[in-house]
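# Structure assessment
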Amino acid sequence: MDLAPLIRNIPDFPKPGIQFKDITTLLLDPPAFRHIVDTWAERYAAKNVDAIVGVDARGFIFGAALAYKMGLPFVPARKKGKLPGETISEDFALEYGTDTVEVHIDALNEGQRVVIIDDLLATGGTVAAVARLMQKLKVEVVEAAFVVELPPLKGREKLQPLEVHTLVEFMVE
Ligand code: AMP
């Protein structure tokens, strides 16, 4: 299924020069949403996955649906200060400044296997930080899966040696 026509491009959002890939138009198409979740459910069915980790905020949409479909726990990786319990955190670089991602320290156990889900892979900084959180918890990342990849931003290289799976590519920065 070609998902590209369902993803809206908004130029210069949230700032000049950014081609924002808006997945809310894809979410209006139930067969497309189902196709994404079913593709990943099939892909990870035999991989002994213990939990799905979704990245704040659009990773929650796809990650939670996948967790529901697979009958697995869903673990939110949230922006700083949102999780109420004891957390571990990792900083990552943005174009200007840094951001922080956190997970509850008791959400996963050592030796468990997870899939990380986000809507879009750009530079890879966000999911690299989530992968470091998993490393701290001694949790194995089976793969990181994204709906959209922007190959010119080289996120896939940044995430090495993590396995990466994406469903649609746009050759924009
Ligand atoms: P990065 O850490 O650079 O891979 O950025 C990934 C995160 O930023 C994802 O959670 C995306 O939702 C968001 N993001 C980055 N660039 C874009 C873009 N061009 N369009 C839509 N979302 C983006």
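These lines cover the structure that appears in this document, whether it is placed above or below. (Residues numbered from 1 in each chain as written. Predicted model: local features only at pLDDT ≥ 70, side-chain atom pairs only at ≥ 80, totals over all residues. Heavy atoms only, no water.)

### A look at the overall build of the protein chain
Within the protein chain, the regular secondary structure consists of five helices and nine strands. Walking the protein chain from its N terminus toward its C terminus, one meets helices and strands in the order β-β-α-α-β-α-β-β-β-β-α-β-α-β. The C-alpha radius of gyration of the protein chain comes to 15 Å, within 12% of the 16 Å expected for a compact globule of 173 residues. On the principal axes, the C-alpha backbone points of the protein chain span a range of 40 × 40 × 30 Å. A total of 173 residues make up the protein chain; the buried ones form 43% of that total. Taken as a whole, the protein chain presents about 9000 Å² of accessible surface, with 51% of it coming from carbon and sulfur. The average position of the 19 basic charges and that of the 25 acidic charges among the side chains of the protein chain differ by 1 Å. (Helix = DSSP H or I, 4+ residues; strand = E, 2+ residues; numbered from the N terminus. Rg over C-alpha atoms; globule rule 2.2 N^0.38 Å. Buried < 20%, exposed > 50% of the residue type's maximum accessible area, 1.4 Å probe, protein only. Areas by Shrake-Rupley, 256 points an atom, 1.4 Å probe, with all protein chains shown as cover. Lys, Arg positive; Asp, Glu negative; His and termini not counted. Charge placed at Lys NZ, Arg CZ, Asp CG, Glu CD.)

### A few points about the site of the ligand
Surveying the vicinity of the ligand reveals 13 residues, the closest of which are Arg58, Asp119, Thr123, Gly124 and Thr126. Between the ligand and arginine 58 there is a distance of 2.6 Å, counted from an oxygen atom to a side-chain nitrogen or oxygen. Between the ligand and threonine 126, the relevant distance is 2.5 Å, taken from an oxygen atom to a side-chain nitrogen or oxygen of the residue. For the ligand, whose free accessible area comes to 480 Å², the fraction covered by protein is 82%. The residue makeup of the shell around the ligand, split by class, is four nonpolar, five polar and four charged. (Near = heavy atom within 4 Å. Polar contact = N/O pair within 3.5 Å; in protein donor to acceptor, adjacent residues only side chain to side chain. Nonpolar A, V, L, I, M, F, W, Y, C, P; charged D, E, K, R; others polar.)

### Digging into the pairing of strand E6 (residues 98-104)
Examined bridge by bridge, strand E4 (residues 74-79) and E6 share two bridges and lie antiparallel to one another. Bridge pairing in E6 links arginine 78 to glutamate 102. Sheet analysis places strand E5 (residues 87-93) next to E6, joined by seven bridges and oriented antiparallel. What sits directly across from threonine 87, in E6, is histidine 104. Hairpin connection, E5 to E6: the antiparallel pair is bridged by four residues, and glycine 97 has positive phi, about 85°. (Pairing = 2+ DSSP bridges.)

### Observations concerning the pattern of salt bridges
Evaluated as defined, the whole model comprises nine salt bridges. The partner of lysine 69 in a salt bridge is aspartate 38, with the nearest N and O atoms 3.1 Å apart. On the criterion of sequence distance, the pair formed by lysine 69 in helix H3 (residues 58-70) and aspartate 38 in helix H2 (residues 30-44) is long-range, its members being 31 residues apart. Salt bridges sharing partners connect three or more residues here, namely Glu90, Arg132 and Lys136. (Salt bridge = Lys/Arg side-chain N within 4 Å of Asp/Glu carboxyl O.)

### Some details on the packing of aromatic side chains
Per the counting criterion, the structure on display carries three aromatic pairs. Pairing phenylalanine 13 with phenylalanine 20 gives two aromatic rings, centres 5.1 Å apart and planes at 85°, and the pair type is edge-to-face. Plain terms: the ring middles of phenylalanine 33 and phenylalanine 62 are 5.7 Å apart, the flat faces sit at 90° to each other, and that makes the pair edge-to-face. You can see phenylalanine 33 sitting in helix H2 and its partner phenylalanine 62 sitting in helix H3, a full 29 residues away along the chain. Among the residues examined, phenylalanine 33 registers a relative accessible area of 23% and is labelled partly exposed. Phenylalanine 62 gets classed as buried once you look at its relative accessible area, which sits at 0%. (Phe/Tyr/Trp six-rings, centres within 6.5 Å; stacked < 30°, edge-to-face > 60°.)

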